[in-house]
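Fold and contact review
So the chains spell out like this:
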Amino acid sequence: MQYEVLFVSQTGNTEKLAKAIYEAIPDKDKEIQRLNQDTPLDLAETYFIGFWTNHGTCSFEVLDYLSDLHQKNIALFGTCGMGNDPVYFEWIEKQVSALIPEDNIYLGTFLCQGKMPMHFRNKYQEFLDLGTHDSLARQMLRHFDEALLHPNEEDYIQAQKFVEEALLKIGTYI
């Protein structure tokens, strides 16, 4: 198989992004599936691997899978609830892309915001109500509220552009 879109999604955001990326791959020789401990290696030549951000990195499933891939083309994508900040996104990209063995071709990373579960907002509001870390609590509430609108149509368009750019790097974009 030419292309494989694998993803881990806790709240559904990364799954939505994975579907947009899958649709953007112009070749018919492609698959999409949720990544788990039973996902076999060597399914494809080119991988698009998606994750939700947890404390600035990816889940253990993604970490383990990436470390076992060799001589592949690898593009990463993910969702992050904490702010639409290019500096933070760049930091996440560095954390996760560093897990890719050097014998692979790294094609880049696409990140966008994603909705978070309501219990996070309740926790941030509790900090604010208690007067604990007021400015941080306000910032976290703002990020939470902004993330409610993501992923959105613009995120999907940017994800599709990312696919095109990644495939152009390896000369397979039709």
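Residues numbered from 1 in each chain as written. Predicted model: local features only at pLDDT ≥ 70, side-chain atom pairs only at ≥ 80, totals over all residues. Heavy atoms only, no water.

Formed by 27 residues in total, the largest nonpolar core has its most connected members in Tyr47, Ile49, Phe51, Val62, Tyr65, Leu66 and Leu76. When contributions to this core are tallied by element, the ones reaching two or more residues are β3 (46-52), α2 (60-68), β4 (73-80), α3 (86-97) and α5 (134-147). If near-sequence neighbours (up to four positions away) are discounted, Tyr65 is found in contact with Leu6, Leu35, Thr39, Pro40, Leu41, Leu43, Tyr47 and Ile49. Grouped together as the second largest cluster of nonpolar side chains are 22 residues, Tyr3, Phe48, Leu107 and Tyr156 included. (Core = buried A, V, L, I, M, F, W, Y, C linked by side-chain atoms within 4.5 Å. Buried < 20%, exposed > 50% of the residue type's maximum accessible area, 1.4 Å probe, protein only. Helix = DSSP H or I, 4+ residues; strand = E, 2+ residues; numbered from the N terminus. Contact = heavy atoms within 4.5 Å.)

Summed over the entire model, instances satisfying the criterion amount to four aromatic pairs. Ring geometry for Phe48 and Phe162: centres 6.4 Å apart, planes at 85°, overall edge-to-face. With Phe48 in strand β3 and Phe162 in helix α6 (residues 153-169), the pair connects residues that are 114 residues apart, well separated along the chain. Comparing Phe48 with Phe162, the two get one shared label, buried. With 6.0 Å between their ring centres and 15° between their planes, Tyr88 and Trp91 make a pair best called stacked. Taken together, the positions of Tyr88 and Trp91, both in helix α3 and three residues apart, correspond to about one turn of that helix. Judged by relative accessible area, Tyr88 falls into the partly exposed class, the value being 22%. Note that Lys30 overlies the ring of Tyr22, its terminal NZ or CZ placed 4.4 Å from the centroid. (Phe/Tyr/Trp six-rings, centres within 6.5 Å; stacked < 30°, edge-to-face > 60°. Lys NZ or Arg CZ within 6 Å of the ring centre and 35° of its normal.)

Our next topic: the pairing of strand β5 (residues 105-113). With seven of nine residues buried, β5 is to be regarded as a mostly interior element. Two strands pair when backbone bridges link them, and β4 and β5 are joined in this way by eight bridges, in the parallel orientation. The residue bridging Thr79 from the neighbouring strand is Cys112, located in β5. (Pairing = 2+ DSSP bridges.)

Another aspect to go through is the pattern of salt bridges. It is possible for side chains of opposite charge to pair when their charged atoms get near one another. Counted under the stated rule, the structure contains four salt bridges. We note a salt bridge from Arg34 to Glu15, for which the minimum N-O separation is 2.9 Å. Residue Arg34 is located in strand β2 (residues 30-34), and its partner Glu15 is located in helix α1 (residues 13-24); the two are separated by 19 residues in the primary sequence. Take Arg34: its relative accessible area is 37%, and that puts it in the partly exposed class. With its nearest N and O atoms 3.3 Å apart, the salt bridge here joins Lys72 to Asp42. Separated by 30 residues along the polypeptide, Lys72 in the loop between α2 and β4 and Asp42 in the loop between β2 and β3 bring together distant segments of the chain. One connected set of salt bridges, linked through shared partners, spans Glu15, Lys19 and Arg34. (Salt bridge = Lys/Arg side-chain N within 4 Å of Asp/Glu carboxyl O.)

Most of strand β1 (residues 3-7) sits out of view: five of its five residues are buried. Along β1, one buried face is formed by Tyr3, Val5 and Phe7 and the opposite face, lined by Glu4 and Leu6, is buried too. Relative to β2, β1 is paired through five bridges, and the arrangement is parallel. When the bridges of β2 are listed, Val5 appears paired with Ile32. Of the strand pairs in this sheet, β1 and β3 are connected by five bridges, and their pairing is parallel.

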